[in-house]
Amino acid sequence: PTAQELSALQKDANQCRTICVIGHVDHGKSSLVDWLLADGGAMPPRLAGTLRLMDDLPDEQERGITLRASAVSLRCPSPVKTSTEDFLLTIIDSPGHVDFAHDACAACRLSDGCLVVVDAVEGVRVQTRGALRAACAERLKPLLVVNKLDRLRHHEPSEAFAVLRRIVENANAALHEACAVNNCPASYEESSTFSYASIIFASAKDARPPFITLAPDCGPADVTAEKGAAVVGAPPCINQNFTARSS
């Protein structure tokens, strides 16, 4: 899209949405944004996951971490099939290092929603909890992205199932803790709890690695490895079996 087309979309607030990507350092936030940009046609797919386009400072490229929040806008088709209008999606890639947590807080304040990225092996870490506190302070609706799923390719199916279940449980526990700190209403806490509708499995390093998916009945023996796209939805049983533990 041209600058004029993007400017025209910005004039209608109803056609604009802002999403921030938050989480612990080195959990793959910038690589995930690369793939979102590649899917939107903003960069070649062959460079996604390694270029880290949003890390435009020399220090960021040299050290391999995000130091400052960066934003990019994409023109996206309307999710409503009957609508022909496009909308403007602004993605904010925020740093995960504790020394730059103020940028993540600022990104949350400017956003309508957030993607909380968690490494499939490392799980919920200290800055994951900090990011959730910032999101809850602004009453954002979070989506949980379990990233680097290809790191589980050498796990036994039952082990991979247990790892993913523990991540969702710990993420919900951190979310409830953040809601308590920010005095969030019960309705917000209930609607924000990570369940089937708000969990994404992804591998931002490589769009097509073997990844772990969960069979509909969620039995550990039914966890299988197969080929697929970079981002896939979680199975329906997460809503029933991946329950939140607030303590």
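Cut-offs and rules
- Residues numbered from 1 in each chain as written.
- Predicted model: local features only at pLDDT ≥ 70, side-chain atom pairs only at ≥ 80, totals over all residues.
- Heavy atoms only, no water.
- Helix = DSSP H or I, 4+ residues; strand = E, 2+ residues; numbered from the N terminus.
- Buried < 20%, exposed > 50% of the residue type's maximum accessible area, 1.4 Å probe, protein only.
- Contact = heavy atoms within 4.5 Å.
- pLDDT = per-residue confidence, 0-100.
- Core = buried A, V, L, I, M, F, W, Y, C linked by side-chain atoms within 4.5 Å.

### Here we look at the environment of M54
Item 1. Among the secondary structure elements, M54 is positioned in the loop between helix 2 (29–39) and helix 3 (58–63).
Item 2. Owing to a relative accessible area of 6%, M54 belongs among the buried residues under this scheme.
Item 3. In this structure the C-alpha to C-alpha distance between M54 and S70, which are 16 residues apart in sequence, comes to 6.1 Å.
Item 4. For M54, the contacting residues outside a window of four places in its chain are V33, D34, L37, E60, S70, A71, V72, I91 and D93.

### Side note on the confidence of the model for the protein
Interpretation of the predicted coordinates at a detailed level should be avoided for regions scoring low in pLDDT.
Item 1. With 80% of its residues at a pLDDT of at least 70, the protein reaches an overall mean of 78.
Item 2. Per-element confidence in the protein ranges from a low mean pLDDT of 32 for strand 8 (residues 224–226) to a high of 95 for helix 5 (residues 126–137).
Item 3. Here residues 208–247 is modelled with pLDDT under 50, and outside its nearest four sequence neighbours on either side it reaches 92 contacts, counting other chains as well.

### Points about the nonpolar core
Item 1. Membership of the largest hydrophobic core comes to 35 residues, with the highest contact counts inside it found for C20, I22, L144 and V146.
Item 2. Secondary structure elements with two or more residues in this core: strand 1 (16–23), helix 4 (101–109), strand 4 (113–119), helix 5, strand 5 (141–147), helix 6 (157–181) and strand 6 (199–202).
Item 3. When residues in this core are grouped by element, the largest group, 10 residues, is from helix 6.
Item 4. The residues touching V146, leaving out its near neighbours within four places in the chain, are V118, A120, L164, I167, I200, F201 and A202.
Item 5. In terms of nonpolar packing, the next biggest core, distinct from the first, is built from 18 residues, A38, I91, V117 and V145 among them.

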